[in-house]
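Fold and contact review
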Amino acid sequence: MSLPRILSLAKLEPQDVADRLTTTYQVIRDIAAATDVEVVLTTGGLGLSAKQMAALPALRLIAVNGVGVDAVDLPEARRRGIAVTTTPDVLSLAVAEMALGLALAAGRRIAEGDRFIRSGAWADKNKLPLGMSVLERRAGILGYGRIGRKLADLLRGMGMEVLYTARSEKPGVPDSYRPDPLSLARDCDLLFVTAAGGAENRGLVDAEILTALGPRGVVVNVARGPVVETAALAHALQSGQIAGAGLDVFDDEPNVPPSLLEAPNCVLAPHIGSATTEARRAMAQLVLDNIDAYFAGRPLPTPYEQG
Ligand code: NAP
């Protein structure tokens, strides 16, 4: 019996789960050879455009290995009745951990200290400027969803005061609500950006918000690059309007503009928020569970509900 065919634009990790995919399905990598396929496997970063969907007339399911759906043309998927699944929750701890790591790296000058030693500056009797105590600062979380709340739990557990904003106030949560990003930025020192990406959130963190954050402020972005205005951020870092930044996501990955490469106290990571063996295994398993459910005619375990 021939195996069901799927188009895979991405590679699952680790290898044993990837092997499960290729032993259960006939995996096609070339979209031109996939006019009959009903299932596409993609990532949050790659998504699936309307043009790609047009090349796939039999498409019924877009299985995203990730939670960001900003790169999937959702209106087109909805119009054609194509289901979309994601991998929620199983990556939240990994991304929250990354956000915490970036805050510590920027606040305590960890990446800078590494470069300082390797360049020979320490051996030449130079000194690094003082860092800041991250855990003694007030944290603000912009985007209080699955990742934002997991991060809030970690920060609160370390004794930090946590404020948050989201599109709506959440009842019965331990952290204090601010009605918008500007009032959040005014009241916190560490601004963690964990909101969804997409057109409506482009430039959510702009020059006004960075000014409100102030010279003790650090911005950490683990959401999507465009959520923070790059030019405004680079200017705020260069001019000392804020103290530092930790960035896992960028506008035009894998290209990072010189303005950020040269900005002082800006810690950079190559979009590795969910890149742990533990998270990637659980994500890959969930991708397989969704694809298996589709072919078995069962309800999809983690459909992305389009609003
Ligand atoms: P989620 O559960 O859907 O949470 C998204 C949160 O963003 C919600 O609380 C939502 O508010 C809030 N939000 C959306 N627009 C907003 C706005 N304009 N102002 C304030 N808050 C806003 O998603 P998640 O699982 O936590 O993931 C969040 C994002 O992280 C993803 O969309 C993805 O872009 C990014 N991500 C990055 C990595 C990485 O490797 N760096 C990995 C995974 C995910 P409401 O609750 O009020 O609707």
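Read on for an overview of the structure. (Residues numbered from 1 in each chain as written. Predicted model: local features only at pLDDT ≥ 70, side-chain atom pairs only at ≥ 80, totals over all residues. Heavy atoms only, no water.)

A short note on the sheet that holds strand β11 (residues 244-247)
To keep things clear, this is the line we draw: Should DSSP find at least two bridges between two strands, the strands are taken to pair. Numbering of helices and strands starts at the N terminus; helices are DSSP runs of H or I of at least 4 residues and strands are runs of E of at least 2. Here, two residues are considered to be in contact whenever any of their heavy atoms come within 4.5 Å of each other. Axis definition: a line fitted to C-alpha atoms, over the contacting stretch in the case of helices. Angles run 0 to 180 degrees between N-to-C directions.
Strand order across the open sheet formed by 7 strands is β8-β7-β6-β9-β10-β11-β12, with parallel pairing between neighbours. Whereas interior strands pair on both sides, the edge strands pair on one side only; in this sheet they are β8 (176-177) and β12 (266-268). Strand direction decides the pairing type here: strand β9 (residues 190-193) and strand β10 (residues 218-221), joined by 4 bridges, are parallel. Paired with Leu191 across the strands is Val219, a residue of β10. On the sheet, helix α4 (residues 92-107) packs against β9, β10, β11 and β12 and is oriented at approximately 150° with respect to β10.

Here we look at the site of the ligand
Selection criterion: Each residue is tested against the molecule or strand, and it is near if at least one of its non-hydrogen atoms lies within 4 Å. Residues adjacent in sequence count toward polar contacts only when both atoms are side-chain atoms; beyond that, a polar contact is any pair of N or O atoms within 3.5 Å, and within protein one must be able to donate a hydrogen and the other to accept it. All accessible-area figures derive from a Shrake-Rupley calculation using a 1.4 Å probe, and residue coverage is judged against the displayed protein chains alone. Any residue outside Ala, Val, Leu, Ile, Met, Phe, Trp, Tyr, Cys, Pro, Asp, Glu, Lys and Arg is labelled polar, Gly included; the first ten of those are nonpolar and the last four are charged.
Around the ligand lies a shell of 28 residues, among which Ile147, Arg167, Lys170, Asn201 and Asp248 are the nearest. Within the backbone of Tyr144, a nitrogen or oxygen atom sits 3.1 Å from an oxygen atom of the ligand. Contacts to the ligand include Ser168, whose backbone N or O atom sits 3.1 Å from an oxygen atom. Relative to its unbound accessible area of 940 Å², the ligand is 87% covered by the protein chains. Here the shell around the ligand is composed, by residue class, of 13 nonpolar, 10 polar and 5 charged.

Concerning the sheet that holds strand β2 (residues 26-28)
Sheet strands pair by backbone hydrogen bonding; their relative direction is either parallel or antiparallel. Pairing is parallel across the open sheet formed by 5 strands, whose spatial order is β2-β1-β3-β4-β5. In this open sheet, the two strands that pair with only one neighbour each are β2 and β5 (83-85). When strand polarity is set aside, the average angle formed by the axes of neighbouring strands in this sheet is 25°. Of the pairings in the sheet, the one linking strand β1 (residues 5-8) to strand β3 (residues 39-43) comprises 2 bridges and is parallel in character. Within β3, the residue paired with Leu7 across the bridge is Val40. Where helix α11 (residues 277-296) meets the sheet, it contacts β1, β3, β4 (61-65) and β5, and its direction lies at approximately 170° from that of β4.

Topic: the packing of aromatic side chains
Note the threshold: Here a pair means two rings of Phe, Tyr or Trp (six-membered ring of Trp) with centres within 6.5 Å. Their orientation is stacked below 30 degrees between planes, edge-to-face above 60, and tilted elsewhere. Note on classification: 1.4 Å probe, protein chains only; a residue is buried when its accessible area is under 20% of the maximum for its type, exposed when over 50%, partly exposed between these limits.
If you walk through the whole model with that rule in mind, you get 4 aromatic pairs. A ring pair is formed by Tyr25 and Phe295, whose centres lie 5.4 Å apart and whose planes are at 35°; its orientation type is tilted. Taken together, the residues span a long stretch of sequence, with Tyr25 in the loop between α1 (15-24) and β2 and Phe295 in helix α11 at a distance of 270 residues. Of the residues examined, Tyr25 reaches a relative accessible area of 4% and is grouped as buried. Ring centres of Tyr144 and Tyr164 lie 3.8 Å apart, and the angle between their planes is 20°; this geometry places the pair in the stacked category. Taken together, the positions of Tyr144 in the loop between β6 (139-142) and α6 (146-157) and Tyr164 in strand β7 (residues 162-165) put the pair 20 residues apart, joining distant regions of the chain. When sorted by exposure, Tyr144 lands in the same class as Tyr164, which is buried. Clustering of aromatic rings is evident, with ring pairs tying together Tyr25, Tyr294 and Phe295.

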